[in-house]
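Fold and geometry: a report
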Amino acid sequence: MSQDVREALEEDLKLSFEAYCRTEEDFKIKLALANRAGLTIQDLSDVINVGKSTVGDWKRQGEEARDRRRGVRPGGPGEQRADG
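Just so we're clear, the structure is a prediction, and the values are computed from it rather than from any experiment.

**Some details on the side chain of Ser-45**
Here Ser-45 shows up in helix 2 (residues 41–48). By relative accessible area, Ser-45 is classed as buried at 8%. Ser-45 has contacts with Val-50, Gly-51, Lys-52 and Val-55, leaving out every residue within four places of it along the chain.

Below you can see the structure in the form of structure tokens.
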């Protein structure tokens, strides 16, 4: 395969992987927002047919991803530190 074809293929794979990661992260953010809106972990678990432990992990990851996107830093305003 020529160098330009190889570079184009590598770039396409990189962009596809980044899109895949964003899609997964977007789902987890939606899960966290649904929980904030009032759906319980049990409700969410029942809706998507995934165990409560996994849903809880994804919800936490969604909250972290949302904070990152919004520029919220751990220990920043609105967050209490564990040591006081």
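That covers the picture; the talk isn't over yet.
**As for the packing of aromatic side chains**
Where two aromatic rings form a pair, the distance of their centres and the angle of their planes describe that pair. What the rule picks out here adds up to two aromatic pairs. Between Phe-17 and Tyr-20 the ring centres are 6.3 Å apart and the planes differ by 35°, which places this aromatic pair in the tilted class. Here Tyr-20 and Phe-17 lie together in helix 1 (residues 3–36), a separation of three residues that amounts to about one turn. For the pair Phe-27 and Trp-58, a centre-to-centre distance of 5.9 Å together with 80° between the ring planes defines the contact as edge-to-face. On the criterion of sequence distance, the pair formed by Phe-27 in helix 1 and Trp-58 in helix 3 (residues 52–70) is long-range, its members being 31 residues apart. Using a relative accessible area of 35% as the deciding quantity, one classes Phe-27 as partly exposed. Among the residues examined, Trp-58 registers a relative accessible area of 25% and is labelled partly exposed.

**A few points about helix 3**
Between the first and last C-alpha of helix 3 there are 27 Å, a value that for 19 residues agrees with the 27 Å anticipated at 1.5 Å per step. All of the buried residues in helix 3 are Val-55, Lys-59, Gly-62 and Ala-65. Taken around the axis of helix 3, the buried residues stretch over an arc of 130°, which confines them to a single face. Of the residues in helix 3, the exposed ones pointing more than 90 degrees away from the buried face are Ser-53 and Arg-68. Those residues of helix 3 hidden inside the fold are in contact with helix 1 and helix 2. Backbone geometry just downstream of helix 3 places Gly-71 in the positive-phi region, at approximately 80°.

**Remarks on the pattern of salt bridges**
Opposite charge on two side chains permits them to pair, given that their charged atoms come into close proximity. Inspection of every chain in the model, using the stated rule, returns seven salt bridges. With a closest N to O distance of 2.7 Å, Arg-68 and Glu-25 form a salt bridge. Here the residue Arg-68 occupies a position in helix 3, and Glu-25 occupies one in helix 1, the gap between them amounting to 43 residues. Among the residues examined, Arg-68 registers a relative accessible area of 53% and is labelled exposed. Connected via shared salt-bridge partners are Glu-25, Asp-26, Arg-68 and Arg-69.

The rules behind each value
Residues numbered from 1 in each chain as written. Predicted model: local features only at pLDDT ≥ 70, side-chain atom pairs only at ≥ 80, totals over all residues. Heavy atoms only, no water. Helix = DSSP H or I, 4+ residues; strand = E, 2+ residues; numbered from the N terminus. Buried < 20%, exposed > 50% of the residue type's maximum accessible area, 1.4 Å probe, protein only. Contact = heavy atoms within 4.5 Å. Phe/Tyr/Trp six-rings, centres within 6.5 Å; stacked < 30°, edge-to-face > 60°. Expected span 1.5 Å × (residues − 1). Arc of directions from axis to C-beta. Salt bridge = Lys/Arg side-chain N within 4 Å of Asp/Glu carboxyl O.

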